[in-house]
Amino acid sequence: MPKSLLKYFPSFIILIPLGEIISKTLPGKLPQAYNYIVYIMFGITCLLYYCNNFKRIHKDNKFLSWIYIYIIAYIIVGFIKQYFVPSGLFPFFRLSISMALLSLGSIFIFRYENYLIKRTFHLWWKYIPIIFILTFWKLEASQYIRLLSFSLFFLMLFPLLKTKYKIIIIIMIAFIMIGGMEQRIDYINITISFLLLIIIKYAKRFSQPFFTILFRGLMLIPLFFVTLFWVKGFNILQLNQFIDDETQLAGQLNDDTRSFLYEEAWDSGINNKNLIHGRTPFYGYDSNFAENREGDAFLRKGQKAQRVSEVFIVNTLAWFGIIGIIIFFLFYYKIGMKTLSRTQNPYLSVFTIYIGFFWFESWIGNLLFVPNTSYILLCMIISMCHNPRLNKMKTNEMKLYLSNLSNS
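Residues numbered from 1 in each chain as written. Predicted model: local features only at pLDDT ≥ 70, side-chain atom pairs only at ≥ 80, totals over all residues. Heavy atoms only, no water.

## Description of the pattern of salt bridges
Point 1. Counted by the stated rule, this structure contains four salt bridges.
Point 2. Ionic pairing is found between E310 and R307, a salt bridge with its closest N-O pair at 3.7 Å.
Point 3. E310 gets classed as partly exposed once you look at its relative accessible area, which sits at 26%.
Point 4. In this structure R307 comes out as buried when scored by relative accessible area, which is 7%. (Salt bridge = Lys/Arg side-chain N within 4 Å of Asp/Glu carboxyl O. Buried < 20%, exposed > 50% of the residue type's maximum accessible area, 1.4 Å probe, protein only.)

Have a look at this one:
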């Protein structure tokens, strides 16, 4: 793999959120062309790095390597299958989903080329705040959090920032909280960042069993509620059954906008006989919602209406089936538990809680049908948790590392 391509890898990451601005400034299909190019550059770079360093990666990270092979295999099978079984998704969605899944290979890049994490954040600090200030008035409020998603990570590290960076983060978070929080997942994301900020600040006071119990709880809570639904019919997503409040904010938080996504994906899996193994990332799940919604972006004329969801687990069920959900659970769980068992500093323990929260959120959000900075940040954190050098660092050493990372 050419070193020059790897050198531009951080730039590819910064170009992804800039798509929010491009969509508001360029006419016609130019924004779509921009996204095509950026997604392909990022996803293919991840794939090439994995292939060129396969022996080393597979030897050091066998479990993660096999999961990435599993993802690649499903993409290849889906690519071939679409020529025999037409897909209800537009080519753009098929490509963006494939590149998004391949982007999980950035874990290996950040693991072995750790300096690229700092270089990425350096570019982010250098360009994104200025670009945002110059263009925020053109954006929809819902785009703020997507453009500024790294600010939630730096909110966690707030005590380690220099004063000027603290001011910038406060301004960004203010923009997000005042105008950019329109969905339930936005409130959850900002709340989690504040919770992790508190844990980071008092990290030395928490024992390792505390982190282990909290991480396991976050991993198991969604499975507990799924079991409760199947056994007792209790649906935690239908909060409006338990909270009687007619305010607009309560309506935003209480409305059940997720159950029907699960129902459609589940029924689609049964009807198409792929509930166990999925239908590959080149397809969505059959959706009456999309079929009956005029002008839906996922509806192709002459094809059975298929849809991809803003909920990661729903998409996982459609693409990889129940087996895929089990594999992704093991993916998060094994990384977290391995980190907790070997780390010598509380900061990486806090990062495992971030991973646990990400899994928890994946049952109500965390879309992955386009490469996005939320998953890239997750890959950075996983790579740090999986880095033996960082695991061996004592508390003060890791604090200095994170401080340098934040104050690029």
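## Details of the packing of helix α18 (residues 312-342) against helix α20 (residues 373-385)
Point 1. Running from amino to carboxyl end, α18 crosses α20 at an angle of 35°, the nearest separation of the two axes being 10 Å. Crossing handedness for the pair α18 and α20: left-handed. Touching F312, F331, Y332, I335, T339 and R342 of α18 are Y375, L378, I382 and C385, all from α20.
Point 2. Grouping the constituent residues of the contact of α18 with α20 by class yields eight nonpolar, one polar and one charged. (Axes fitted to C-alpha atoms, helices over the stretch in contact; angles between N-to-C directions. Helix = DSSP H or I, 4+ residues; strand = E, 2+ residues; numbered from the N terminus. Left-handed = near helix turned anticlockwise from the far one by under 90°. Contact = heavy atoms within 4.5 Å. Nonpolar A, V, L, I, M, F, W, Y, C, P; charged D, E, K, R; others polar.)

## Remarks on the packing of helix α19 (residues 346-361) against helix α22 (residues 395-406)
Point 1. Where α19 contacts α22, the two axes come as close as 8 Å, and the packing angle between them is 60°. In terms of orientation, α19 and α22 fall into the oblique class. In contact with P346, Y347, L348 and F351 of α19, α22 contributes T395, M398, K399 and L402.
Point 2. For the contact of α19 with α22, the residue count by class is six nonpolar, one polar and one charged. (Parallel < 35°, antiparallel > 145°, perpendicular 65-115°, else oblique.)

## Thoughts on a nonpolar patch on the surface
Point 1. There is a patch of nonpolar side chains on the surface, built from I76, F79, I80, Y83, F84 and V85 and spanning about 680 Å² of accessible area.
Point 2. Examined against the element boundaries, Y83 turns out to sit in the loop between α6 (62-81) and α7 (91-102).
Point 3. The class of Y83 is exposed, set by a relative accessible area of 59%. (Patch = residues over 30% accessible without salt bridge, like charges linked within 9 Å, V, L, I, M, F, W, Y side chains within 5 Å. Areas by Shrake-Rupley, 256 points an atom, 1.4 Å probe, with all protein chains shown as cover.)

## Here's the deal with unusual backbone geometry
Point 1. Its identity as a non-glycine residue notwithstanding, K273 has a phi of 55°, on the positive side.
Point 2. Positionally, K273 belongs in the loop between α16 (259-271) and β1 (285-286).
Point 3. Residue T280 is not a glycine yet carries a positive backbone phi of 80°.
Point 4. Tracing the chain through its elements places T280 in the loop between α16 and β1.

## Considering helix α4 (residues 30-52)
Point 1. Over its 23 residues, α4 extends 33 Å from the first C-alpha to the last, a length consistent with the 33 Å expected when each residue adds 1.5 Å.
Point 2. Listed in full, the buried residues belonging to α4 are P31, Y34, N35, V38, Y39, F42, G43, T45, C46, Y49 and Y50. (Expected span 1.5 Å × (residues − 1).)

## Quick look at α19
Point 1. With 16 residues, α19 extends 23 Å between its outermost C-alpha atoms, agreeing within 8% with the 22 Å of an ideal straight helix rising 1.5 Å per residue.
Point 2. By the criterion of burial, α19 is predominantly enclosed, with 15 of the 16 residues buried.
Point 3. The opening residue of α19, the one whose side-chain oxygen lies 3.2 Å from the backbone nitrogen of Y347, is N345. (Polar contact = N/O pair within 3.5 Å; in protein donor to acceptor, adjacent residues only side chain to side chain.)

Read these as spatial facts, not as claims about activity.
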